[in-house]
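In case you want the letters, here they are:
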Amino acid sequence: MKILFIASDLSVVGGIQRYNKIFIHTLRHLGENVKLAEWKNRGYLAKALFAAKIFVSAIVFQPDLVVSSHVNFGSICVWLKKLFGTNYIVTLFGIEARAPETVAKRKIFEEAKKICTVSEYTVENLLKAMPEVRKK
């Protein structure tokens, strides 16, 4: 399976980055073809270039699945699903699972093929906010 993995800078030291490195390593160890799209710089121009890189990767690489390592990358995944029919998974770590404050964030969860959480705490918060995602 071809997987496009969207993540923030993995060279930064942190729990999310470590989790993502292990996730990618495990997918590759299982024989999956994983392409990484990393957001390394901050600012509006960097964000626009990052989004463009993801769309170009989706066109050229033609992934079977996209993994969004943070809900903030989920809007791009919704567009990839609309344009190319590519399913996606969203990973949640904690605080972002609280009540989705925007229609766009609710759409990200609704359209996701799966929602991957790192703890029961995260699951409980998400289900309180959006009981309809239980089926995922």
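Report on the accompanying structure. Quick caveat: nothing in here was measured; it's all calculated off a predicted structure.

### A closer look at the sheet that holds strand β1 (residues 2-8)
Here's step 1: What the 5 strands build is an open sheet, ordered β2-β1-β3-β4-β5; its pairing is parallel. Edge positions in the open sheet fall to β2 (33-39) and β5 (114-117), since each of these has one partner strand only. Averaged over all pairs of adjacent strands, the angle between strand axes in this sheet comes to 20°, irrespective of strand direction.
Here's step 2: In the packing of helix α2 (residues 44-61) onto the sheet, contacts are made with β1 and β2, and the angle to β2 comes to roughly 165°.

### Regarding the side chain of Asn-20
Here's step 1: Here Asn-20 is to be found in helix α1 (residues 15-29).
Here's step 2: Residue classification places Asn-20 among the buried positions, given a relative accessible area of 0%.
Here's step 3: In this structure Asn-20 touches Phe-5, Ala-7, Leu-10, Ser-69 and Phe-93, once residues within four positions along its chain are discounted.

### Things to note about the packing of aromatic side chains
Here's step 1: Taken as a whole and judged by the stated rule, the model has 6 aromatic pairs.
Here's step 2: Centre to centre, the rings of Phe-5 and Phe-23 are 5.4 Å apart; their planes meet at 80°, and the pair counts as edge-to-face. One end of the pair, Phe-5, is in strand β1; the other, Phe-23, is in helix α1, with 18 residues separating them in the sequence.
Here's step 3: Classification of Phe-5 by relative accessible area gives buried; the value is 0%.
Here's step 4: Judged by centre distance (6.2 Å) and plane angle (80°), the rings of Trp-39 and Phe-73 are edge-to-face. Note that Trp-39 is positioned in strand β2 and Phe-73 in the loop between β3 (65-68) and α3 (74-84), a separation of 34 residues in sequence.
Here's step 5: Note on Phe-73: relative accessible area 7%, which makes it buried.
Here's step 6: An aromatic cluster is present here, built from Phe-5, Tyr-19, Phe-23 and Phe-93 joined pairwise through their rings.
Here's step 7: Its end group placed over the ring of Phe-61, Lys-2 keeps NZ or CZ at 5.3 Å from the ring centre.

The rules we used
Residues numbered from 1 in each chain as written. Predicted model: local features only at pLDDT ≥ 70, side-chain atom pairs only at ≥ 80, totals over all residues. Heavy atoms only, no water. Pairing = 2+ DSSP bridges. Helix = DSSP H or I, 4+ residues; strand = E, 2+ residues; numbered from the N terminus. Axes fitted to C-alpha atoms, helices over the stretch in contact; angles between N-to-C directions. Contact = heavy atoms within 4.5 Å. Buried < 20%, exposed > 50% of the residue type's maximum accessible area, 1.4 Å probe, protein only. Phe/Tyr/Trp six-rings, centres within 6.5 Å; stacked < 30°, edge-to-face > 60°. Lys NZ or Arg CZ within 6 Å of the ring centre and 35° of its normal.

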